[in-house]
Amino acid sequence: MKLAIATLLAGSAAAFAPSASKAGSNALRMADFSNELGVIAPTGFFDPCRLSAEIDEATFDAYRASELKHGRVCMLAVLGYVAPEIWRWPGEIAPGLKFADVPNGVAALQAIPSLGWAQIFFLIGAVDYWGAFGNFEIGKVPGLQPEYLERRQLSELTHGRLAMLAVLELLRHDSQNLVSPGFDGLDNLITGLPFLYE
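An account of the accompanying structure is given in this report.

Rules and cut-offs
- Counting of residues starts from 1 at the beginning of each chain's written sequence and follows it residue by residue.
- Confidence filtering applies because this is a predicted model: local features only for residues at pLDDT of at least 70, side-chain atom pairs given and counted only at 80 or more, and all residues used for totals across whole chains, interfaces and linings.
- Note that the side-chain values use all heavy atoms of the structure and ignore hydrogens as well as water.
- Whenever a carboxyl oxygen of Asp or Glu lies within 4 Å of a side-chain nitrogen of Lys or Arg, that contact is scored as a salt bridge.
- Only DSSP runs of H or I with at least four residues qualify as helices, and only runs of E with at least two residues qualify as strands; both kinds are numbered from the N terminus onward.
- Remark: exposure states derive from per-residue accessible area (1.4 Å probe, protein chains only) relative to the maximum for the residue type, with buried under 20%, exposed over 50%, and partly exposed in between.
- A helix is expected to reach a length of 1.5 Å times the quantity of its residues less one.
- Two residues qualify as a contact provided that any one of their heavy atoms is within 4.5 Å of a heavy atom in the partner residue.
- Paired rings are identified among Phe, Tyr and Trp, the last through its six-membered ring, by centres lying within 6.5 Å, and are further divided according to the angle between planes into stacked (under 30 degrees), edge-to-face (over 60) and tilted (the rest).
- A 1.4 Å probe that fits but cannot get out identifies a cavity on a 1 Å grid over protein atoms alone, an open set with protein on both sides within 12 Å along at least five of seven lines counts as a pocket, and a residue lines either if it has an atom within 4 Å of a point.
- Grid points are joined across faces, edges and corners, and a volume is the space filled by probe spheres set on the points.
- Put simply, Ala, Val, Leu, Ile, Met, Phe, Trp, Tyr, Cys and Pro go in the nonpolar bin, Asp, Glu, Lys and Arg in the charged bin, and everything else, Gly too, in the polar bin.

### Digging into the pattern of salt bridges
Then step 1. Scanning the entire structure with this criterion turns up five salt bridges.
Then step 2. One salt bridge in this structure joins R161 and E67, with 2.5 Å as the shortest N-O distance. One end of the pair, R161, is in helix α4 (residues 146–179); the other, E67, is in helix α2 (residues 57–82), and 94 residues separate them in sequence.
Then step 3. The class of R161 is partly exposed, set by a relative accessible area of 25%.
Then step 4. The residue E156 makes a salt bridge to R72 at a minimum N-O spacing of 2.5 Å. A residue pair is termed long-range when its members are at least 10 positions apart, and E156 in helix α4 and R72 in helix α2 qualify at 84 residues.
Then step 5. Judged by its relative accessible area of 22%, E156 is partly exposed.
Then step 6. By relative accessible area, R72 is classed as buried at 10%.

What follows is the structure, encoded as structure tokens:
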């Protein structure tokens, strides 16, 4: 009983404690990003880690370019993850190793020869160096109305966000399937379209 009373008294005393001092009026005010492109319902401006709380416009633009680039890479990754389930390139990826012999998903990491990894590494470096995936100007059709262009840019951002989640789930599911084959009772990655595997 005494503990309960002491807790109530401490709580009521805290109500009358002075509040933390706020920054002076001459402090630099940071930009408000709650109306930027990419703010969508139902979450609105979603920044749970408060990464945009103390940044300027240039830093926000760098964050947005990074989000755009990662979204574009993940959209390609999802396509690259799903496409080998239904189609393979003809020929060989390396002397003596056919494209058809390379397993799908995470299992392919061990099958790719070192020269193939070098090609992948240098291609990714070249694309990143020239910044092709982080540029809103690429793919822009001249003469689009501003509201239509904004809708297309918003669609690309939201599709990229979905692709980032999708590629993580594909990797998680495939990795779990390597550790425990058939854990989900499914034989194929694409289960809703069985005619693809006939």
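Anyway, onward from the coordinates.
### Overview of α4
Then step 1. For α4, which comprises 34 residues, the first-to-last C-alpha distance of 50 Å matches the rise-based estimate of 50 Å (1.5 Å per residue) to within 8%.
Then step 2. For α4, the complete set of buried residues consists of L149, Q153, L157, G160, A163, V167, L170, H173 and D174.
Then step 3. Structurally, α4 contributes buried residues whose contacts are with α2.

### Regarding the packing of aromatic side chains
Then step 1. Scanning the entire structure with this criterion turns up four aromatic pairs.
Then step 2. Measuring from centroid to centroid gives 4.8 Å for W87 and W89, while their planes differ by 70°, and the two rings are edge-to-face.
Then step 3. Accessibility expressed as a relative area gives 49% for W87, which makes it partly exposed.
Then step 4. Taking relative accessible area as the criterion, W89 reaches 57% and is therefore assigned exposed.
Then step 5. Ring centres of Y129 and W130 lie 5.2 Å apart, and the angle between their planes is 85°; on these two criteria the pair is classed as edge-to-face. As far as the burial class goes, Y129 and W130 line up, both exposed.

### Description of unusual backbone geometry
Then step 1. Phi angles above zero are rare outside glycine, and R50 is one such case at about 55°.
Then step 2. Of note, R50 is situated in the loop between α1 (2–15) and α2.
Then step 3. Relative accessible area serves as the criterion here: at 59%, R50 is assigned to the exposed category.

### Here's the deal with the layout of surface pockets
Then step 1. In this structure, the largest pocket occupies an estimated 1400 Å³ of space.
Then step 2. Taken together, 32 residues make up the lining of the largest pocket; nearest its centre are A77, G80, Y81, I112 and I120.
Then step 3. Broken down by secondary-structure element, the contributors of at least two residues to the lining of the largest pocket are α2, α3 (114–130) and α4.
Then step 4. Counting residues per element, the lining of the largest pocket draws most heavily on α3, which supplies eight residues.
Then step 5. Of the residues that constitute the lining of the largest pocket, the class distribution is 24 nonpolar, five polar and three charged.
Then step 6. Along the wall of the second largest pocket there are 21 residues; nearest its centre are F46, D47, R64, E67 and R161.
Then step 7. Examining the composition of the lining of the second largest pocket, we find that six residues originate from one element, α2, more than from any other.

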